[in-house]
Amino acid sequence: MRDVCIVGGGVAGLAASILTARAGLDTLVVDGGESILARNASLENYPGFPDGIDARRYLQLTREQARNAGATFELGRVTSVEPVAEDDLEAGFVLETDGGEPLEARRVIAASWADSDYLVPLDVGRIQRGNKHFVSVDEGGRTAVDGVYAAGRIAGEPHQAIVAAGHGAKVGFAVIHDADVNFYQDWVVPEGYFTGRGREVPPGCEEIDDEERRRRDERARETMLEALSEPLAERPTMHPSVERDRS
Ligand SMILES: Cc1cc2nc3c(=O)[nH]c(=O)nc-3n(C[C@H](O)[C@H](O)[C@H](O)COP(=O)(O)OP(=O)(O)OC[C@H]3O[C@@H](n4cnc5c(N)ncnc54)[C@H](O)[C@@H]3O)c2cc1C
């Protein structure tokens, strides 16, 4: 059984997966389609990109980052989530997908804007606004059902990528804490930052020397140079109700 299954590999789900995987939790991301951000024409308000970035490229890079962190991926739409044992939520959850084998996880993060129908059997506390359903959560993304969380737009967060990413990360940390992982912060710091003050390197943190820092910087620059070397062929996805000549 996996530690955490994240339903939805969009902005919030990927951000959560980066944190949970880096904290050593066995993390599976199940995604059944594409992020709503694929409809964006030019992502210009996400910090870190002075002149913006192609939203599809941003999603590609974030998926790559989640893989590098150790998260695994499965394609498929989750159709239901149910407890393994009705009277013991700590036993985890079974997730059915359309066509695939059932998946099992101790904790589930719903990051699946705009679908939460698969949560109906659990009665997590869905709220209808117009024709959309949102999931009611506490400050850590916890729903009314222990072990089930919601992140990003589906949790009622503002409809912006940076907010979805931040909320996904916050929910990832709640999962890490609830899983009793020995954890302080996910930081990489220069050699001596803690030990130079006679402190142990706290759990989740890493001290690296200057040679290692340069090695990582070189790898990071190579990755970005390669990723940005060519324009992407894909165009934004149009709203389904708009007819468009795609030739
Ligand atoms: C046209 C448009 C332009 C936008 N432009 C901007 C912008 O310029 N700047 C900005 O900050 N924000 C922009 N946004 C908003 C931004 O895209 C969203 O706020 C953000 O993507 C929400 O992240 P999320 O992770 O909650 O949802 P998403 O990124 O949509 O991720 C949800 C994921 O869950 C998957 N999923 C859904 N149901 C299931 C299921 N049952 N099983 C498995 N997987 C499932 C979906 O396929 C998707 O991959 C724009 C949105 C639109 C529509």
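Parameters at a glance
Residues numbered from 1 in each chain as written. Predicted model: local features only at pLDDT ≥ 70, side-chain atom pairs only at ≥ 80, totals over all residues. Heavy atoms only, no water. Salt bridge = Lys/Arg side-chain N within 4 Å of Asp/Glu carboxyl O. Helix = DSSP H or I, 4+ residues; strand = E, 2+ residues; numbered from the N terminus. Buried < 20%, exposed > 50% of the residue type's maximum accessible area, 1.4 Å probe, protein only. Domains from an automatic or database assignment. Contact = heavy atoms within 4.5 Å. Buried area = accessible area lost by both parts, 1.4 Å probe. Polar contact = N/O pair within 3.5 Å; in protein donor to acceptor, adjacent residues only side chain to side chain.

With that out of the way, let us pick up the pattern of salt bridges. With the rule as written, the count across this model stands at 14 salt bridges. A salt bridge links Asp186 to Arg22, with the nearest nitrogen and oxygen atoms 2.7 Å apart. With Asp186 in the loop between helix H3 (161-178) and strand E10 (188-190) and Arg22 in helix H1 (residues 11-22), the pair connects residues that are 164 residues apart, well separated along the chain. Salt bridges linked by common partners bring Asp138, Glu139, Arg142 and Asp178 together as one network.

To continue, consider the side chain of Ser17. Mapped onto the fold, Ser17 is located in helix H1. Residue classification places Ser17 among the buried residues on the basis of a relative accessible area of 0%.

Looking now at the domain arrangement of the protein chain. Looking at the protein chain, the domain boundaries give domain 1 (2-178) and domain 2 (188-227). Relative to domain 2, the C-alpha centre of domain 1 lies at a distance of 28 Å. With four residues of domain 1 in contact, the opposing surface of domain 2 contributes four residues. Of the roughly 300 Å² buried at the junction of domain 1 and domain 2 (both faces included), carbon and sulfur atoms supply 66%. For the pair domain 1 and domain 2, the number of links is one residue pair in polar contact (both at pLDDT 80 or more). Ranked by the residues each element gives to the side of domain 1 that touches domain 2, the list is headed by helix H2 (residues 55-69), at three residues.

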